[in-house]
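Geometric and topological summary
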Amino acid sequence: MKRKLNYIIALLLLAGATGFTSCKKLLEEEPSSFVSPDDFFKNENQCIAALNGCYMPLNSIYISDLIIPLEGSTDLAFLNSSQLDAKFEISPANPGMGDNVWTACYNGVMYCNAAIDGIEKATIAADKKPPLKAEGVVLRALYYYILTSTFNDVPYYTQNVNSLTALNEVMKLGRMSAVETRDKLIKELLEYAPKLPQARTSEVPQNRISAAMAYMLIGKLALWNKEYQVCVDAMEAIRKVYGQLAQYPLQDTWFRNKNTPESIFEVQYTWSATGLKKTTNVAAFFTPTKAAGTSTYDGVNIPELGTKANPFNSVTPTEYFMKLYDYADPRREMILAYSYNGAYFKRPMQNNGTGKAWMGPKFWCPAMDNIADGNNQKVFRYADALLMLAEAANETGDAGLALQCLNEVKGRAYDALKLPAYPGKTEFLEEVKKERARELMGEYGRKWDLVRWGVFYKAVSETAGAEYEVIKNNLRPYHEYYPIPDKEVLRSGGILTNPAYK
């Protein structure tokens, strides 16, 4: 049996199998040969190969299934679609994207646990182990950050599932307090962040994780737990590496511009006519409609998008979101699109005489093939860190630092947008909320921001709900978190529950 479990873990590390269900299936098999982790982890390259497998589930997470509920079903936008998540028709029996996120994240946790354990026992020089282990620790923290943000309290474990005993223990874990999970993650990340490259991610070979990613996660987790000084300290560590935001061009925030110097973490995608294809369909939900066989998009010729694209029904910005932008703010024409290259789209005019915008070129993918795009998905970048620092400094009473960081983001866009003076704690937080919308829309965080601020139900029902009848009718306060899928509840023997959805 030990040989079978070793075989399973090796497959997980080297090929990326499909979670606990696959483990059960493999346990029934008698492999004629096997690759044991005890015979792996013999050199640094093998440790890196194991870590490579830890990134794999991210390509099943950062896709349209996640961006629609996090960005396209919030106060900023809605999607007229039959998709369960867009209509808030989710339940334990029909968990929408929750099913995929649960499975992919726990696959990621399992891969990370196995890789970390293997690196600890690896027959390599002791000084080589800390940065390798740190990379696994940060990736594991990312998966738990996604899980706790999506489901709130979730099972937490760090042991390597390399025996039947360990497997049975993990299968019987119940929900653990998300606050407690985050505190454990913060403590571990603080220990391992110094062991990672103290450099911008773009300066790390292959854009692997740097210390900035660890500090970014510390800050995110700390904001959830209202540990504001912890967030301040983590964001200050990032500032030491990234410097002034003004040095990073706004256009680098477009998804097509990959691994730019401002980036802290991106999920990597690739498309070419003849080469490797690892694609999303996110751009298909953020591109204007087009005439078949042409490069005409809602009446505007956009040659760089090509003739092969086949966009879906697009995410629609809310009136609230469109009104957040000053007309002189250059982000308005990047994140929203009323026109392109001087030509106006045909999208219907509103009663007030202003056009209803499409989502803008930040999200479009040149030469998209049918619904497939090869844009990277931007998860964390430096402007986000500065806005987190502004929010946390405001909570700790450091008005000067808070104003400086907020104005650094505003000033990068357009100098006249800067606040002339600190308006007060409550008013400042409201401006941070708006600025996060202006700067970060589409970067996989809006819903989670609304939930941690405690305003999700009110904000979405008053904005998207006012324009889209389905949201108005279906949205409930408990939709701030997803239910654990019924199949996982059954698999746990009823230890996992969904009390909010009863």
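Going by the structure above, here's the rest.
So, here is what we can say about the structure in this document. (Residues numbered from 1 in each chain as written. Predicted model: local features only at pLDDT ≥ 70, side-chain atom pairs only at ≥ 80, totals over all residues. Heavy atoms only, no water.)

Re the side chain of Ser-314
- Positionally, Ser-314 belongs in the loop between β4 (300-301) and β5 (316-317).
- Look at Ser-314 and you get buried, because its relative accessible area is 1%.
- Engagement of the side chain of Ser-314 in a polar contact is seen with the backbone oxygen of Phe-285, the distance being 3.2 Å.
- With sequence-adjacent residues up to four places away left out, Ser-314 is seen in contact with Leu-79, Phe-285, Phe-286, Thr-287 and Trp-358. (Helix = DSSP H or I, 4+ residues; strand = E, 2+ residues; numbered from the N terminus. Buried < 20%, exposed > 50% of the residue type's maximum accessible area, 1.4 Å probe, protein only. Polar contact = N/O pair within 3.5 Å; in protein donor to acceptor, adjacent residues only side chain to side chain. Contact = heavy atoms within 4.5 Å.)

What about the nonpolar core?
- Of all hydrophobic cores here, the largest spans 147 residues; its most connected members are Leu-58, Tyr-62, Leu-142, Ile-238, Phe-265 and Phe-380.
- Not counting residues up to four positions away in its chain, the partners in contact with Phe-380 are Leu-142, Tyr-145, Met-213, Met-216, Leu-217, Lys-220, Ser-263, Ile-264 and Phe-265.
- Of all hydrophobic cores here, the second largest spans 13 residues; its members include Ala-283, Leu-305, Ala-337 and Tyr-340. (Core = buried A, V, L, I, M, F, W, Y, C linked by side-chain atoms within 4.5 Å.)

So, helix α10 (residues 211-224)
- In this model, α10 (14 residues) spans 20 Å end to end at C-alpha, consistent with the 20 Å of a helix rising 1.5 Å per residue.
- A large share of α10 lies buried, amounting to 14 of its 14 residues.
- Looking one or two places after α10, you find Lys-226, whose phi comes out positive at around 60°. (Expected span 1.5 Å × (residues − 1).)

Some details on the packing of helix α15 (residues 399-413) against helix α16 (residues 425-440)
- As a packed pair, α15 and α16 sit with axes 11 Å apart at the nearest point and diverge in direction by 30°. Taken together, α15 and α16 sit at an angle that is classed as roughly parallel. The hand of the α15/α16 crossing is left-handed. The segment α15 lies against α16, with Ala-402, Leu-403, Leu-406, Val-409, Lys-410 and Arg-412 engaging Phe-428, Glu-431, Val-432, Glu-435, Arg-438 and Glu-439.
- When the residues that make up the contact of α15 with α16 are grouped by side-chain class, the tally is six nonpolar, no polar and six charged. (Axes fitted to C-alpha atoms, helices over the stretch in contact; angles between N-to-C directions. Parallel < 35°, antiparallel > 145°, perpendicular 65-115°, else oblique. Left-handed = near helix turned anticlockwise from the far one by under 90°. Nonpolar A, V, L, I, M, F, W, Y, C, P; charged D, E, K, R; others polar.)

Section: the pattern of salt bridges
- Evaluated as defined, the whole model comprises 37 salt bridges.
- Between Arg-331 and Glu-439 there is a salt bridge, and its shortest N-O distance comes to 2.8 Å. Pair noted here: Arg-331 is in the loop between α12 (319-322) and α13 (332-335) and Glu-439 is in helix α16, with a separation of 108 residues, a long-range link.
- When its relative accessible area of 2% is taken as the criterion, Glu-439 is described as buried.
- A salt bridge links Glu-391 to Arg-452, with the shortest nitrogen-to-oxygen separation between them at 2.8 Å. Of this pair, Glu-391 sits in helix α14 (residues 382-396) while Arg-452 sits in helix α17 (residues 446-453), placing them 61 residues apart in sequence.
- In the salt-bridge network here, residues are joined through shared partners; they are Glu-262, Asp-329, Arg-331, Lys-362, Arg-381, Lys-410, Arg-412, Glu-431, Glu-435, Arg-438, Glu-439 and Glu-443. (Salt bridge = Lys/Arg side-chain N within 4 Å of Asp/Glu carboxyl O.)

Focus on the packing of aromatic side chains
- Going through the model one piece at a time under the given rule, you end up with 21 aromatic pairs.
- For the ring pair Phe-345 and Trp-364, a centre distance of 6.5 Å and an interplane angle of 85° mean the geometry is edge-to-face. Taken together, the positions of Phe-345 in the loop between β8 (343-344) and β9 (358-359) and Trp-364 in the loop between β9 and β10 (377-381) put the pair 19 residues apart, joining distant regions of the chain.
- In this structure Trp-364 comes out as buried when scored by relative accessible area, which is 0%. (Phe/Tyr/Trp six-rings, centres within 6.5 Å; stacked < 30°, edge-to-face > 60°.)

A look at the pairing of β10
- By the criterion of burial, β10 is predominantly enclosed, with five of the five residues buried.
- As paired strands, strand β2 (residues 263-267) and β10 are joined by four bridges and run antiparallel to one another. Across the sheet, the residue bridging to Glu-266 is Lys-378, located in β10. (Pairing = 2+ DSSP bridges.)

Side note on the environment of Tyr-414
- With respect to the helices, strands and loops of the structure, Tyr-414 is situated in the loop between α15 and α16.
- When its relative accessible area of 36% is taken as the criterion, Tyr-414 is described as partly exposed.
- On a C-alpha basis, the gap between Tyr-414 and Asp-329 in space is 6.0 Å, while along the polypeptide they are 85 residues apart.
- The contacts of Tyr-414, once residues within four sequence positions are left out, are Ala-328 and Pro-330.

Some words on unusual backbone geometry
- Backbone geometry places Asn-259, a non-glycine residue, at a positive phi of 55°.
- Tracing the sequence through the fold places Asn-259 in the loop between α11 (228-242) and β2.
- The backbone of Ala-367 sits at a positive phi, close to 55°, despite the residue not being glycine.
- Take Ala-367: its relative accessible area is 41%, and that puts it in the partly exposed class.

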